Every structure is written in C-alpha cells, then in structure tokens.
Amino acid sequence: MLEDLRVPISELKENIMDVWGRLDPDEIDKKIAEKEALTTAPGFWDDNDKATRVMNDIKMLKGRIEPWRELIQEVSDMETLYDLGVEENDQSVEKELKELYENAKAKYDHESILNLLSDEVDKNDCFLSVHAGAGGTEACDWTFMLSRMYQRWAERHGYKTEVLSEEEAEGGLKSINMKISGPYVYGYTKGEAGVHRLVRISPFDANARRHTSFASVYVFPVLDDSIEVKIDPKDLRIDTFRAGGKGGQHVNKTESAVRFTHLPTGIVVQCESERSQLMNRATAMSILRSRLYEYYKEQREKDNMKFAGEKKDISFGSQIRSYVFQPYTMVKDHRTKYSVGNIQGVMDGDIDGFLDEYLSAKWKGLPASSSDDDDDIGDDA
C-alpha cells in the first residue's frame, strides 16, 4: 500500500537532516569559497603541486556536502510524489516511490560512512601493495587477481591508479605496489590490510584439484606536507638497479630504479615506474615516509591492527577474508561476517559492501579477528 511508505520516508528524512545539521554546511561552504578564491589569484598554477592540493581539497569538501544536498532534494521529491498519490488515491506511484526510496536509502547508508573517516590521514591517497604467500604459482596468480580487483574498484570511483613496482613470477605476480589517488582513498581501503585467502579448482593443475592459496595486502597513507616524518640520511642505504618488466629498451640501459632500506627499522621500499632515477627517488621517499609514519604510530599505540594489519604468516588461520570459487561461490569477511555470493562482481571491483561493513564495525568495536570453520575447504591436492 502507498500509505505504508509514509513512515520510512519520514524516518529517512529525519536521519538525513540529522547528519546535515552535524556537517555544519555553512562552515563547509565558507571553506569551499575561500579555497576557490585562491584559484583565481595570480600565479596560482605556477606551483603545480600546491595548486593540485587546493583543487583536491575543494573536490573533497564538495564531496562531503553535495551528496547530502542531493539527498535532501530527493526526499523532498518523494514527499511531493507521495502527497500527490495520496490526494488522488493513485496507487500506481507506489512502485516508483519504492525505487526512489531504496536508491536514496542506499545512498544515505554509503555517505554516512564518510562520517566515520575522521583520522588525520583518512582523506589521503594510499599506497597499496599485494604480496604472494603460501600457494606457489597459484598464489602468484591470486596476487595478480587481487591487484586487478583493487584497480577495478578504483576505476568504478574515478580514482587514479599508478603501478610503482611489480615483481613478475610464473603464473602472475610475486608482488605489486601501487598508488591509488582520490578523496578518502586511504580511509576506505585501510581495512583491506591483511591476508586474503582463495579457494578454487586450480587452472594450473592438470588433475583439476581444488587448491587454497594466500596473498597479503598492505595499505599505507600518502602523507602531505602537513605531517612531518624525519628521516636521517645516515639511516638509509640506497641501491639503484635496472628496472625490469615492461618499458622498452630504456629500462635495460639505465639504473633508474631505486631501493631504500631504512636500517633502524629494516623497512625496504622501491620504485621503478619512472624513467628518471630522480623521480623514482622522490616516489620511494614518499612511500618510506608513509611506512615510517605507520610504523611509529603502531609503536605508540601498541596496536598492530591499526593500519597495516596483524603481522601474521600469509597462510592458514590468518586470513581476514576468504574467496571461495568451488564447491560454492562466496566471499566472506571473517571480521565482520559480511558475505556475498556474487564472487565475479567482487573480483571486478564491487567491494564497497566489505569496505563499508568494516568501517561500521570498527566504529562500533570490532570483535577479535578469527577464521571460520563453515568455509574451511581443504585442498584436494
């Protein structure tokens, strides 16, 4: 019945207006106006890095407030349509109203997650790396599949991805490091840090047996100039080498790739994506700053799950999520218990449900990470 929609529409409006009030829209509009004024100043584009940061700030601020303005308008339109339907006793608008309501409710749920991203680096870009674990060739293929999943997810949201380095191996990748750029990328992806488990019939097994393999994901924020991380040059060992993989003859003729080893912590980072050694040095230093930021914050808080996830073996019993292709299809997060059956959609980048569930659960207080027995499918091999 059409009248049954009155209460849910009213509740949705109340929830939206509650968030709208807490956003302080007047203050956000003021900040947007101030930053837009900077873009008209003479010489604004002379410093490209500074100009890019200002434009990103404007985009981020608008992204915080414009979706809520749209939601307010959508609910207003629903109320108008509802009132007309009731006045004219036109039950035919019920279907349209239900669709409008479901779309607005889904948008409200997703945008509400932004209110949980309040850490100082949540709004930043991220460095994301995937490393093959137990499983041999199968694990290398799994590492490639996961890297593709995150790149597809970034494409869905209009984010920019850049592969900084990768180590190829038989069947796929031994490791890959990438940078994902966009508003609140780190805040959304930080929950992906941990071990990801794959169960499927291996395409590399002539006997078509079921295999289990693992890959580990690490996520670090890209730091801007407002966050200072001091690095003593004496603590660094710098190695240069010839870049491998794709790139033509140039990569085999010059030592453009750079590897930094931070001696006090043992952290190693490298970059080989650029033709210029200077550019690779700058990128590698940015990655190192991010890694050290995480490392020292971890040390202060004594909380190994805070950013990069628990330092567990990349093998059985340590996974945060399982992706089961056979004997059934399901992707399940062992921390939040959230699961979906459309595994192909997930591998094509549809992982927002997992990201949102993790942030919501983190806000409420996550239970201890654990592995479940209900999808503990062993190897046939």
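Look a little higher up for the structure.
### Regarding a negative patch on the surface
So, point 1. The grouping of Asp24, Asp26, Glu27 and Glu34 at the surface amounts to a negative patch.
So, point 2. Position of Asp24 among the secondary structure elements: in the loop between helix H1 (6-23) and helix H2 (25-38).

### A word on the side chain of Asp141
So, point 1. Structurally, the position occupied by Asp141 is in helix H5 (residues 137-156).
So, point 2. Look past the residues within four positions of Asp141 in its chain and what remains in contact with it is Gly171, Gly172, Arg200 and Phe204.

### Examining the packing of aromatic side chains
So, point 1. Inspection of the entire model under this criterion finds six aromatic pairs.
So, point 2. Here the aromatic rings of Tyr338 and Phe354 are separated by 4.9 Å at their centres, their planes lie at 85 degrees, and the arrangement is edge-to-face. Separated by 16 residues along the polypeptide, Tyr338 in the loop between strand E10 (330-333) and strand E11 (339-340) and Phe354 in helix H9 (residues 352-364) bring together distant segments of the chain.
So, point 3. Its relative accessible area of 26% is what places Tyr338 among the partly exposed residues.

### Observations concerning the sheet that holds strand E2 (residues 160-169)
So, point 1. Overall, mixed pairing links the eight strands, which are arranged E2-E3-E1-E5-E4-E9-E10-E11 in an open sheet. Where the open sheet ends on each side, the last strands, each with one partner, are E2 and E11.
So, point 2. In the sheet, strand E4 (residues 194-201) pairs with strand E9 (residues 319-324) via five bridges, with the strands oriented parallel. Residue pairing across strands places Arg197 opposite Ser322, the latter belonging to E9.
So, point 3. Here H5 sits on the sheet in contact with strand E1 (126-132), E2, strand E3 (172-181), E4, strand E5 (210-221) and E9, set at roughly 15 degrees to E3.

### Some points on unusual backbone geometry
So, point 1. Omega for the bond connecting Gln326 with Pro327 falls within 30 degrees of zero, at 10 degrees, which places this linkage in the cis form.
So, point 2. As for its position among the elements, Pro327 is in the loop between E9 and E10.
So, point 3. The backbone phi angle of Tyr184 is positive, close to 60 degrees, even though this residue is not glycine.
So, point 4. Position of Tyr184 relative to the elements: it lies in the loop between E3 and helix H6 (185-189).
So, point 5. Positive phi is not limited to glycine here, since Lys337 has a value of about 70 degrees.
So, point 6. Residue class for Lys337 comes out partly exposed when judged on its relative accessible area of 39%.

### Quick word on helix H3 (residues 48-87)
So, point 1. Compared with an ideal rise of 1.5 Å per residue, which puts 40 residues at 58 Å, H3 spans 57 Å between its outermost C-alpha atoms and is within 8% of the ideal.
So, point 2. The sharpest bend along H3 measures roughly 30 degrees and falls at Gly63, with the proline Pro67 sitting one to four residues further on.
So, point 3. Of the residues trailing H3, Asn89 is marked for its positive phi of about 55 degrees.

Definitions and limits used
- Residues numbered from 1 in each chain as written.
- Predicted model: local features only at pLDDT ≥ 70, side-chain atom pairs only at ≥ 80, totals over all residues.
- Heavy atoms only, no water.
- Patch = residues over 30% accessible without salt bridge, like charges linked within 9 Å, V, L, I, M, F, W, Y side chains within 5 Å.
- Areas by Shrake-Rupley, 256 points an atom, 1.4 Å probe, with all protein chains shown as cover.
- Salt bridge = Lys/Arg side-chain N within 4 Å of Asp/Glu carboxyl O.
- Lys, Arg positive; Asp, Glu negative; His and termini not counted.
- Charge placed at Lys NZ, Arg CZ, Asp CG, Glu CD.
- Helix = DSSP H or I, 4+ residues; strand = E, 2+ residues; numbered from the N terminus.
- Contact = heavy atoms within 4.5 Å.
- Phe/Tyr/Trp six-rings, centres within 6.5 Å; stacked < 30°, edge-to-face > 60°.
- Buried < 20%, exposed > 50% of the residue type's maximum accessible area, 1.4 Å probe, protein only.
- Pairing = 2+ DSSP bridges.
- Axes fitted to C-alpha atoms, helices over the stretch in contact; angles between N-to-C directions.
- Expected span 1.5 Å × (residues − 1).
- Bend = angle between axes of the 7 residues up to and from the residue.

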